[in-house]
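Listed below, chain by chain, are the residues.
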Amino acid sequence: QVRLVESGGGLVQAGGSLRLSCAASGRTFSDSTMAWFRQAPGKEREFVAAISWDGGKIDYEDSVKGRFDISRDNAKNTVYLQMNFLKPEDTAVYYCAAVHRMLRYPSFSDEYDYWGQGTQVTVSS
């Protein structure tokens, strides 16, 4: 089993930055993919970013490309989401997800087997 715990959410003004962390415990494999999704009230869950465990494959949702950066620290079994130039529309619960394989298309939530409980990000205008 894999346990994922997100942290780093909070309240920030538009234009500000936050860094989310997702700590993974349990079995970890070199071919694991980790990702961030988000869900705003009244909206569908949305893909944000994904990274292979070796960092060789990185994908971003178009709406966050150029503003958000996903990275990982394998020594700490942690994936990060650095969020810059935040906008009110970024307000959502952010979820960490993982799967023990490489994904050709990592933007589909059904591909992931493990999920964190989420961390709230609120961006005020």
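Rules of the game
For every chain, the first residue of its written sequence is number 1, and the numbers climb from 1 along that sequence. Since the coordinates come from a predicted model, pLDDT governs what is reported: local features require at least 70, and pairs of side-chain atoms require 80 or more to be given and counted, while whole-chain, interface and lining totals use all residues. Remark: hydrogens and water are excluded; side-chain values derive from all non-hydrogen atoms of the structure. Being paired, for any two strands, means DSSP has found at least two bridges between them. Numbering goes from the N terminus for both helices and strands, where a helix is a DSSP run of H or I of at least four residues and a strand is a run of E of at least two. Every axis in this analysis is a line fitted to C-alpha atoms, fitted for helices over the stretch in contact. Angles between the N-to-C directions lie between 0 and 180 degrees. As used here, the term nonpolar core means buried Ala, Val, Leu, Ile, Met, Phe, Trp, Tyr and Cys residues forming a set that is joined through side-chain atoms within 4.5 Å. A simple rule labels every residue: compare its accessible area, found with a 1.4 Å probe on the protein chains alone, to the largest value its type can have, and call it buried under 20%, exposed over 50%, or partly exposed in between. In what follows, a contact means two residues having at least one pair of non-hydrogen atoms within 4.5 Å. Aromatic rings from Phe, Tyr and Trp, taking only the six-membered ring of Trp, are treated as a pair when their centres fall within 6.5 Å; an angle between ring planes under 30 degrees marks them as stacked, one over 60 as edge-to-face, and anything in between as tilted. By the criterion adopted, a ring carries a charge over it if an Arg CZ or a Lys NZ lies within 6 Å of its centre and within 35 degrees of its normal.

Some points on the sheet that holds strand β8 (residues 78–83)
Right, on to step 1. What the four strands build is an open sheet, ordered β1-β3-β8-β7; its pairing is antiparallel. Of all strands in the sheet, those bounded by a partner on one side alone are β1 (2–7) and β7 (68–73). Each adjacent strand pair in this sheet contributes to an overall mean axis angle of 15°, direction not counted.
Right, on to step 2. As paired strands, β7 and β8 are joined by six bridges and run antiparallel to one another. What sits directly across from D73, in β8, is T78.

Topic: the nonpolar core
Right, on to step 1. In this structure, L4, M34, W36, L81, M83 and Y94 are the most contacted members of the largest nonpolar core, which totals 28 residues.
Right, on to step 2. For this core, the secondary-structure elements that each account for two or more residues are β1, β3 (18–26), β4 (33–39), β5 (46–52), β7, β8, β9 (92–99) and β11 (119–124).
Right, on to step 3. Beyond its immediate sequence surroundings of up to four residues, M34 is in contact with L4, C22, A24, A49, A50, I51, W53, I70, V79, C96, A97 and A98.
Right, on to step 4. One finds A35, F47, L103 and Y112 within the second-largest nonpolar core, a separate group that totals eight residues.

What to know about the packing of aromatic side chains
Right, on to step 1. Summed over the entire model, instances satisfying the criterion amount to four aromatic pairs.
Right, on to step 2. Pairing F37 with F47 gives two aromatic rings, centres 5.5 Å apart and planes at 70°, and the pair type is edge-to-face. With F37 in strand β4 and F47 in strand β5, this pair connects stretches of sequence that are 10 residues apart.
Right, on to step 3. Here F37 falls in the buried class, since its relative accessible area comes to 1%.
Right, on to step 4. The interplanar angle of 75° and the centroid separation of 5.4 Å between the aromatic rings of F37 and Y112 together place this pair among those described as edge-to-face. In this pair, F37 sits in strand β4 while Y112 sits in the loop between β9 and β10 (114–115), placing the two residues 75 residues apart along the sequence. We note that F37, like Y112, is buried.
Right, on to step 5. An aromatic cluster of three or more residues is present, and its members are F37, F47, Y112 and W115.
Right, on to step 6. Here the guanidinium or amino end of R45 rests over the ring plane of Y95, the centre of that ring lying 5.3 Å away.
Right, on to step 7. The ring of Y105 has R104 sitting right over it, with the charged end atom 4.8 Å from the ring centre.

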